[in-house]
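The lines below spell out each chain.
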Protein chains: 2
Amino acid sequence: MNDVFKALSDPTRREVLRLLKSGPRSAGDLADAFPVSRPTMSAHFNVLRGAGLVSTEKAGKSVIYHLNVSVLEEALLGFAGAFGLGTGVPPVSPPE
Amino acid sequence: MNDVFKALSDPTRREVLRLLKSGPRSAGDLADAFPVSRPTMSAHFNVLRGAGLVSTEKAGKSVIYHLNVSVLEEALLGFAGAFGLGTGVPPVSPPE
DNA sequence: ATGATATTTAGCTAATCATCTAATTGATGT
DNA sequence: ACATCAATTAGATGATTAGCTAAATATCAT
């Protein structure tokens, strides 16, 4: 889970996830959406994959990235939930 | 909001927030809960304060740290919400 | 005013990070 | 086989980060 928060700490990576929300995309397609080099984007993809936030699938010359929503959900809501946020169900003492 | 995610990327800082969830605590009291030096903890506090996640109040010799839940909520659920997580209300196209 | 206590700032270091260019790998088409 | 295109790895660099010790600041008590 630390890896997930580390991954989320970079705005480029958060934006990649947001783009992936609308559906799978190739590495180059994703890279085109950012003003940095492809190798740099590749490094960001590695961090996201290391955190389990995305999965890859080979399609010819391309590599398709998929968003793993469940991993995002588990980390984000898991943490938020510890503060009584997001679920509607407080963690310790319900506000009577 | 980037500052918030940057702040959350460190496990020590996330734990500080979790401790603060149960109520305000002094700097030294918080520092005692971690195996690092006080100056190091002070630096972590600065990051959390810079992100707006905590506020301070002076009380005699001590400095009391308060958790700003609203800031955490806005960032965390704001981001999660963009993925249809946490609110029960999907972000773009509601499942009819 | 002196001393003790709580916290922060200053200054340093080692490690990590985001970025780049150049080179490599892998797949497709001619 | 060769050229081309997509993506990654290698290797380097400058910036940021988390950590430390030592020194400074602020408050309280004597």
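Residues numbered from 1 in each chain as written. Chains lettered and ligands numbered in written order. Predicted model: local features only at pLDDT ≥ 70, side-chain atom pairs only at ≥ 80, totals over all residues. Heavy atoms only, no water.

Q: How would you explain the interface of chain A and chain B if you had to name every residue and give the values?
A: The interface is formed by 23 residues belonging to chain A together with 23 residues belonging to chain B. Summing both partners gives a buried area of about 2,200 Å² for chain A against chain B, and 77% of it is carried by carbon and sulfur. Of all residues in chain A, Arg14, Phe83 and Leu85 of chain A give up the largest surface area on contact with chain B, accounting jointly for 26% of the area buried on that side. Where chain A packs against chain B, one counts zero salt bridges. Counting the contacts that link chain A with chain B gives three residue pairs in polar contact (both at pLDDT 80 or more). Within the residue set of the side of chain A that touches chain B, elements represented by two or more residues are helix 1 (2-8), helix 2 (11-21) and helix 5 (69-81) of chain A. Considering every element that reaches the side of chain A that touches chain B, the biggest residue donor is helix 5 of chain A, with seven residues. (Contact = heavy atoms within 4.5 Å. Buried area = accessible area lost by both parts, 1.4 Å probe. Salt bridge = Lys/Arg side-chain N within 4 Å of Asp/Glu carboxyl O. Polar contact = N/O pair within 3.5 Å; in protein donor to acceptor, adjacent residues only side chain to side chain. Helix = DSSP H or I, 4+ residues; strand = E, 2+ residues; numbered from the N terminus.)

Q: With reference to specific residues and values, describe the protein's contact with DNA strand C.
A: Looking at DNA strand C, there are 22 residues lining it, with Ser37, Thr40 and His44 of chain A together with Gly28 and Tyr65 of chain B nearest. Backbone atoms, meaning sugar and phosphate, form 76% of the atoms of DNA strand C found within 4 Å of the protein. A distance of 2.5 Å is found between a phosphate oxygen of DNA strand C and a side-chain nitrogen or oxygen belonging to Tyr65 of chain B. Broken down by secondary-structure element, the contributors of at least two residues to the surface near DNA strand C are helix 4 (38-50) of chain A together with helix 3 (27-31), helix 4 (38-50) and strand 3 (62-67) of chain B. Looking at which element gives the most residues to the surface near DNA strand C, the answer is helix 4 of chain B, with five residues. Classifying every residue of the surface near DNA strand C gives seven nonpolar, nine polar and six charged. (Near = heavy atom within 4 Å. Nonpolar A, V, L, I, M, F, W, Y, C, P; charged D, E, K, R; others polar.)

Q: Run through the sheet that holds strand 2 (residues 54-59) of chain A, naming residues and quoting values.
A: Residue and element names in this part refer to chain A. Across the sheet, which stays open at both edges, the three strands sit in the order 1-3-2 with antiparallel pairing between neighbours. This sheet does not close on itself; its edge strands, each paired only once, are strand 1 (25-26) and strand 2. In the sheet, strand 1 pairs with strand 3 (residues 62-67) via two bridges, with the strands oriented antiparallel. The residue of strand 3 that forms the bridge with Arg25 is Tyr65. Docked against the sheet, helix 4 engages strand 2 and strand 3, running at close to 120° with respect to strand 2. (Pairing = 2+ DSSP bridges. Axes fitted to C-alpha atoms, helices over the stretch in contact; angles between N-to-C directions.)

Q: I'd like a description of the packing of helix 2 of chain A against helix 4 of chain A, backed by residues and values.
A: Residues and elements named next belong to chain A. Interhelical geometry of helix 2 versus helix 4 gives an angle of 75° and a closest axis separation of 10 Å. Our classification of the angle between helix 2 and helix 4 gives roughly perpendicular. For the pair helix 2 and helix 4, the contacting residues are Thr12, Arg13, Val16 and Leu17 in the first and Met41, His44, Phe45, Val47 and Leu48 in the second. In terms of residue class, the contact of helix 2 with helix 4 is made up of six nonpolar, two polar and one charged. (Parallel < 35°, antiparallel > 145°, perpendicular 65-115°, else oblique.)

Q: Residues and numbers for the sheet that holds strand 1 (residues 25-26) of chain B, please.
A: Residues and elements named next belong to chain B. With antiparallel pairing, the three strands of this open sheet are ordered in space as 1-3-2. Taken across any chain shown, the strands that pair with only one partner, and hence form the sheet edges, are strand 1 and strand 2 (54-59). On top of the sheet, helix 4 reaches strand 2 and strand 3; it is set at about 120° to strand 2, its chief contact.

Q: Hey, could you go over the pairing of strand 3 of chain B for me, with residue numbers and the actual values?
A: Residue and element names in this part refer to chain B. Here strand 2 runs beside strand 3; their pairing, made up of six bridges, is antiparallel. Across the sheet, Thr56 pairs through a bridge with Tyr65, a residue of strand 3. Connecting strand 2 to the next strand, strand 3, in antiparallel fashion are two residues, including Gly60 with a positive phi near 65°.

Q: Would you mind going over the protein's contact with DNA strand D in detail, with residue names and values included?
A: Of all residues adjacent to DNA strand D, which total 22 residues, the nearest are Gly28 and Tyr65 of chain A together with Ser37, Thr40 and His44 of chain B. The separation between a phosphate oxygen of DNA strand D and a polar main-chain atom of Ala27 of chain A is 3.4 Å. Going through the elements one at a time, helix 3 (27-31), helix 4 and strand 3 of chain A together with helix 4 of chain B are the ones with two or more residues in the surface near DNA strand D. Of the residues assigned to the surface near DNA strand D, the class counts are seven nonpolar, nine polar and six charged.

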